[in-house]
Amino acid sequence: DHRSLWQWMKLEKLVVALVISLVILVAALNIICSLIMLIMEKRKEIGILMTIGTSQKRIKNLFLLNGGIIGIIGSVIGICFGTVICWIHEQFRIISLPKDIYIIKDLPVVIDFNQIAMIFIFTNLICVLAAFLPAWYASKLLPAESIRFD
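The structure contained in this document is the topic of the report that follows. What you are looking at is a predicted structure, and each value in this text was computed from that prediction instead of being measured.

## With respect to a nonpolar patch on the surface
- There is a patch of nonpolar side chains on the surface, built from L11, L14, V15, L18, V19 and V23 and spanning about 550 Å² of accessible area.
- By the secondary structure assignment, V15 is in helix α1 (residues 3-41).

## Overview of the side chain of N124
- Assignment of secondary structure puts N124 in helix α4 (residues 113-139).
- A polar contact of 2.8 Å, which involves the side chain of N124, links it to the backbone oxygen of F120.
- For N124, the contacting residues outside a window of four places in its chain are G68, G71, I72 and S75.

## Some thoughts on the environment of C33
- Relative to the elements of secondary structure, C33 occurs in helix α1.
- Under the relative-accessibility criterion, C33 is labelled partly exposed at 49%.
- Sequence separation between C33 and A130 is 97 residues; the distance between their C-alpha atoms is 9.5 Å.

## Examining unusual backbone geometry
- Residue R93 is not a glycine yet carries a positive backbone phi of 50°.
- Residue placement: R93 occurs in the loop between α3 (56-92) and α4.
- On the basis of relative accessible area, R93 is assigned to the partly exposed category, the value being 39%.

## Thoughts on the packing of helix α2 (residues 43-51) against α3
- Interhelical geometry of α2 versus α3 gives an angle of 145° and a closest axis separation of 10 Å. The way α2 lies across α3 gives a crossing that is right-handed. Residue-level contacts link I46, L49 and M50 of α2 to Q56, I59 and F63 of α3.

## Topic: α1
- Between the first and last C-alpha of α1 there are 57 Å, a value that for 39 residues agrees with the 57 Å anticipated at 1.5 Å per step.
- Listed as buried for α1 are L5, I24, A28, I31, I32, L35 and I39.
- Its buried side turned inward, α1 meets α2, α3 and α4.

## Here's the deal with the packing of α1 against α3
- Contact geometry of α1 with α3 gives a least axis separation of 11 Å together with a crossing angle of 135°. Of the possible angle classes, the one that applies to α1 and α3 is oblique. α1 and α3 meet at a crossing whose hand is right-handed. Residues I31, L35, L38 and I39 of α1 lie in contact with α3, whose contacting residues are F63, N66, G67 and I70.

## Let's talk about α4
- With 27 residues, α4 should cover 39 Å at 1.5 Å per step; its first-to-last C-alpha distance of 38 Å lies within 8% of that length.
- For α4, the principal kink sits at F132 and spans about 35°; a proline, P134, occurs within the next four residues.
- Among all positions in α4, only I116, T123, N124, C127, A130, A131, P134, A135, A138 and S139 are buried.
- The secondary structure elements touched by the buried residues of α4 are α1, α2 and α3.
- Structurally, the start of α4 carries an N-cap: the backbone nitrogen of N114 is 3.1 Å from a side-chain oxygen of D112.

Procedures and definitions
Residues numbered from 1 in each chain as written. Predicted model: local features only at pLDDT ≥ 70, side-chain atom pairs only at ≥ 80, totals over all residues. Heavy atoms only, no water. Patch = residues over 30% accessible without salt bridge, like charges linked within 9 Å, V, L, I, M, F, W, Y side chains within 5 Å. Areas by Shrake-Rupley, 256 points an atom, 1.4 Å probe, with all protein chains shown as cover. Salt bridge = Lys/Arg side-chain N within 4 Å of Asp/Glu carboxyl O. Helix = DSSP H or I, 4+ residues; strand = E, 2+ residues; numbered from the N terminus. Polar contact = N/O pair within 3.5 Å; in protein donor to acceptor, adjacent residues only side chain to side chain. Contact = heavy atoms within 4.5 Å. Buried < 20%, exposed > 50% of the residue type's maximum accessible area, 1.4 Å probe, protein only. Axes fitted to C-alpha atoms, helices over the stretch in contact; angles between N-to-C directions. Left-handed = near helix turned anticlockwise from the far one by under 90°. Expected span 1.5 Å × (residues − 1). Parallel < 35°, antiparallel > 145°, perpendicular 65-115°, else oblique. Bend = angle between axes of the 7 residues up to and from the residue.

And the structure:
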């Protein structure tokens, strides 16, 4: 009876999901902070764009696009790296498990492209959502104050 092994594997899967969620949360906070710093650095340029007639919506979309690009680049690199690591393990069985504890000799890995697609969509959605607050802030800057700001 391997009921305890299956329960342990379910618990381990939950812990991995929680750890990955925390990593994604930290990445989202990093995007927020990076975009806020970019807005502070480019405040004068944003004011000039608004003065010459750029709409608040375009300013907001510019920073949403910036957050989306950051997300796409990061998720593509992460997915490529993770997929290559999994493929290498599938080919060469790098991670072995102790035989006295487990009934299998190495860590089973399955590359599921549906899960990869879901992760890609989810992480990019989070990146765009994380970019929304700084983008909204940039679109609400007053042109006169932005140009005067040093």
